[in-house]
Amino acid sequence: MASVVDAERRFEFPNILISVHSPSSSAACPPPPPSSSSSSSPPSFSPSSASASSSSSSSPSGKSEVVARFIADGDAIQLRFHQANDDVVVEFDLGSSQILALSPTESICIDNFHSNKLKRSYSRAVTMTFRTEEESQSFHQAFEQWKCVGSESGAVSQLEKGFVSTNISKFDEKIESASAKMYFHYYGQLLHQQNMLQDYVRTGTYYAAVIENRVDFQDRIVVDAGAKHVYAIEASDMVDYARKLISGNPLLEQRITVVKGKVEEVELPEKADILISEPMGTLLVNERMLESYVIARDRFLSSDGKMFPTLGRIHMAPFSDEYLYVEIANKALFWQQTNYYGVDLTPLYGSAFKGYFAQPVVDAFDPRLLVAPAVFHTLDFSRMKEEDLYEIDIPLHFVASVGTRVHGLACWFDVLFDGSSVQRWLTTAPGAPTTHWYQLRCVLSQPLYVMAGQEITGQLHLVAHNAQSYTMHLTMTTKMWGAGAEQGGVIQMSSGKMDLKEPYYRMSQPQPYAWVQDQQPHQLMQSQCEQETALLSQDVSSSGVISTQGSVLMPVVLSTLEQNVGGTAIVDEAAKQFPTNDHS
C-alpha cells in the first residue's frame with residue numbers, strides 16, 4: 001500500500017458519485033462495508049482518464065472516461081472501473097492489489113493474480129489521472145479503507161462520515177507520534193537538506209561508492225540512487241521538492257519514481273538489486289533509522305542484492321579532557337546560589353549537576369585526547385535482524401597509554417560500501433575531515449585515575465526508546481595501581497546514564513592540546529592516530545563523497561552526476577536524520 005491510514009483521521013469523499021445497488025445484480029452496487037453505518041453508501045470516483053495494461057490480450061487498452069467503484073461482494077472487496085454506460089472496463093481484487101502515486105494527480109493500480117485454469121500468473125495495471133490532487137488523495141484513502149475491510153487483520157471503527165482503520169505500522173508501534181511528526185517536519189525543509197548535501201565528505205563518499213562500482217548499478221533496480229530505475233521512498237514533505245527537482249531535469253523523469261510513505265508501509269512493483277540509503281545518526285544508531293534500513297532490506301531487496309552501506313562500526317576509546325569536564329561541571333554552579341532573588345537554589349544543585357552530565361557531548365575533538373587505542377563494535381546491515389537494534393551491548397577493554405585522569409568514553413563511527421569493484425569507507429573519526437555527525441563523548445561525573453599500562457574495562461549498553469533514540473548506560477572500571485593490586489586491590493568504578501536524543505551540541509573545532517601532569521605522547525597513541533589516518537587516506541580521500549543523510553534529494557543528485565549508470569534503484573526513506581536532536 002502507498003500509505004497506512006492514520007487511525008485518527010476521518011475520511012471525507014468530495015466530488016464523488018454515489019449509487020446504491022443490490023449485491024445480487026451484476027449492475028448493482030454493493031452494500032457498505034461492515035463497519036460503516038447503514039445510511040452510508042459506497043464511494044465512486046471519477047478519474048479524468050484511465051489506461052489499462054495487462055499481460056492478457058483480452059485486457060482493455062487505451063484511455064477513456066471511467067468511474068471507479070469499490071464493491072463488497074461477499075467477503076471479497078473489488079475495485080471496478082466502469083464506463084459511462086456502466087460497462088465494466090476492468091476489475092481488481094483489493095486483496096492482491098496495490099496502489100502507487102506517480103504524481104499528485106496520477107496513480108497506478110497493480111493487481112497480481114493466478115489463473116488455476118491456465119496455471120499461470122498475471123499482472124495488470126491501470127494508470128489513473130484525476131482532475132485534482134484532492135480527488136487523488138480521496139481515492140488513495142478509500143483504497144486503503146476498503147482494503148482493510150477485506151483483510152482478516154483489518155480492524156475498522158465506525159465514524160460519522162466514513163470509517164477508519166486502527167491498523168498501525170511497525171514504525172508507529174515503536175515510535176511516539178510527536179517524535180515522528182517533528183522528525184518528518186524537520187526533514188521536509190530545504191535548509192536542512194542543504195546542510196546534509198553540503199557535507200562533502202558524506203556526499204562525496206556516496207558518489208564515489210556508486211561511480212567506482214558501476215558494475216553493481218548497470219541495468220539494476222535500485223532503491224535510492226542512480227541506476228536503470230530508482231524508487232525514492234520518502235515520508236516527509238520533501239517528496240514535493242524532489243518531484244519538482246526531477247521535473248526540472250528531464251533526463252531523470254523516466255528513471256526516478258518518488259513514492260511517498262514509510263518503508264514499513266509502502267509497496268513496490270518489483271524487487272530491487274541495490275538498496276542505497278543514509279540511515280546513520282549520531283553514534284550511528286540515533287534516530288533509529290537503521291531499523292527501517294533493515295526492514296527495507298527484508299521487504300524490497302532481492303536475495304542476491306547489495307546494500308550501500310553494507311556494515312557500520314562504532315569505535316570507542318577513553319579520553320582525558322580537563323577543559324570539557326570543568327566546562328560541564330561549571331554549568332551547575334548557578335544552582336549553588338543561596339540568595340537568588342531571595343530563594344536558596346542549593347537544594348537543586350545535585351540534580352542539576354547530574355543532569356548536565358547526562359548529556360552526551362557532540363563536537364570535534366583532538367585525537368590526542370584519547371588515552372588508549374580504540375576498540376570497535378560491528379553492525380552488519382546485510383545480516384542483522386531489526387530486533388538486534390533494540391538493545392546493543394558493547395563490552396569495553398582498554399590498556400591506558402598514559403597516566404592521567406579519564407573523563408569518559410569517546411565514540412565515532414564509520415560505514416563500509418562493499419562494492420564489487422571497490423570497497424570504500426566513510427569515517428567520522430577524530431582527526432579526519434569533520435562531518436555533520438562530528439564525534440560524541442560520554443562524560444563521567446566522577447573521573448577515573450589511571451597509570452600507563454593499566455587496564456580499563458566496562459560496558460556500554462544502549463537501549464532503544466520510542467523517541468527515536470537510545471538511553472546510554474556507561475560503566476568504566478579500573479583496578480587500583482600499586483602495592484596489593486595483584487591480590488585483588490581496590491576497584492575504581494564510575495558510571496553514568498545519558499540520553500542520546502538530548503546531547504550537548506558543543507560543535508567546537510578541536511582545541512589546542514595542552515599536555516598536563518605526567519601525560520606524554522605515547523607510542524601506542526601514535527599508532528592509534530596512524531591507524532585512523534591510514535583508514536581515512538585509503539578509503540575516503542581518493543575521491544569526493546556525497547553524504548546526504550536521509551535526503552530524498554540524494555538519488556536526484558547521484559543520477560544527475562552519473563547519467564551512464566543503468567539499473568533500478570530504491571531510495572530508502574530510512575536515509576534521513578533528524579534533530580532528535582541530531583544535526584545529521
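**Considerations on helix α9 (residues 322-331)**
Thought 1: Within the sequence span of α9, burial applies to Leu324, Tyr325, Ile328 and Ala329. The buried side chains of α9 occupy one side of the element, clustering within an arc of 125 degrees when seen end-on.
Thought 2: Of the surrounding secondary structure, the elements contacted by the buried residues of α9 are β18 (311-319), α10 (349-357), β19 (361-363), β22 (404-418) and β24 (439-450).
Thought 3: Capping of α9 at its N-terminal end is provided by Asp321; its side-chain oxygen lies 3.2 Å from the backbone amide nitrogen of Tyr323.

**A short note on the confidence of the model for the protein**
Thought 1: For the protein, the average pLDDT comes to 74, and 66% of its residues sit at 70 or higher.
Thought 2: Within the model, the stretch residues 152-167 combines pLDDT values under 50 with 41 contacts to residues more than four positions away or in other chains.
Thought 3: Residue range residues 513-550 is modelled with pLDDT below 50. Its contacts to residues more than four positions away, or to other chains, number 123 contacts.

**Quick look at the environment of Asp87**
Thought 1: Structurally, Asp87 can be placed in the loop between β6 (76-82) and β7 (88-93).
Thought 2: With 21 residues separating them along the chain, Asp87 and Val66 place their C-alpha atoms 9.6 Å apart.

**Here's the deal with the pattern of salt bridges**
Side chains bearing opposite charge may pair, as long as their charged atoms lie close to each other.
Thought 1: Considering all chains together, one arrives at 18 salt bridges under this definition.
Thought 2: The shortest N-O distance in the salt bridge between Glu327 and Arg506 comes to 3.0 Å. One end of the pair, Glu327, is in helix α9; the other, Arg506, is in the loop between β28 (504-505) and α11 (523-539), and 179 residues separate them in sequence.
Thought 3: Between Asp380 and Arg383 there is a salt bridge; the shortest N-O distance is 2.9 Å.
Thought 4: Because the salt bridges share partners, they merge into one network encompassing Asp321, Glu327, Asp363, Arg441 and Arg506.

The rules behind each value
- Residues numbered from 1 in each chain as written.
- Predicted model: local features only at pLDDT ≥ 70, side-chain atom pairs only at ≥ 80, totals over all residues.
- Heavy atoms only, no water.
- Buried < 20%, exposed > 50% of the residue type's maximum accessible area, 1.4 Å probe, protein only.
- Helix = DSSP H or I, 4+ residues; strand = E, 2+ residues; numbered from the N terminus.
- Arc of directions from axis to C-beta.
- Contact = heavy atoms within 4.5 Å.
- Polar contact = N/O pair within 3.5 Å; in protein donor to acceptor, adjacent residues only side chain to side chain.
- pLDDT = per-residue confidence, 0-100.
- Salt bridge = Lys/Arg side-chain N within 4 Å of Asp/Glu carboxyl O.

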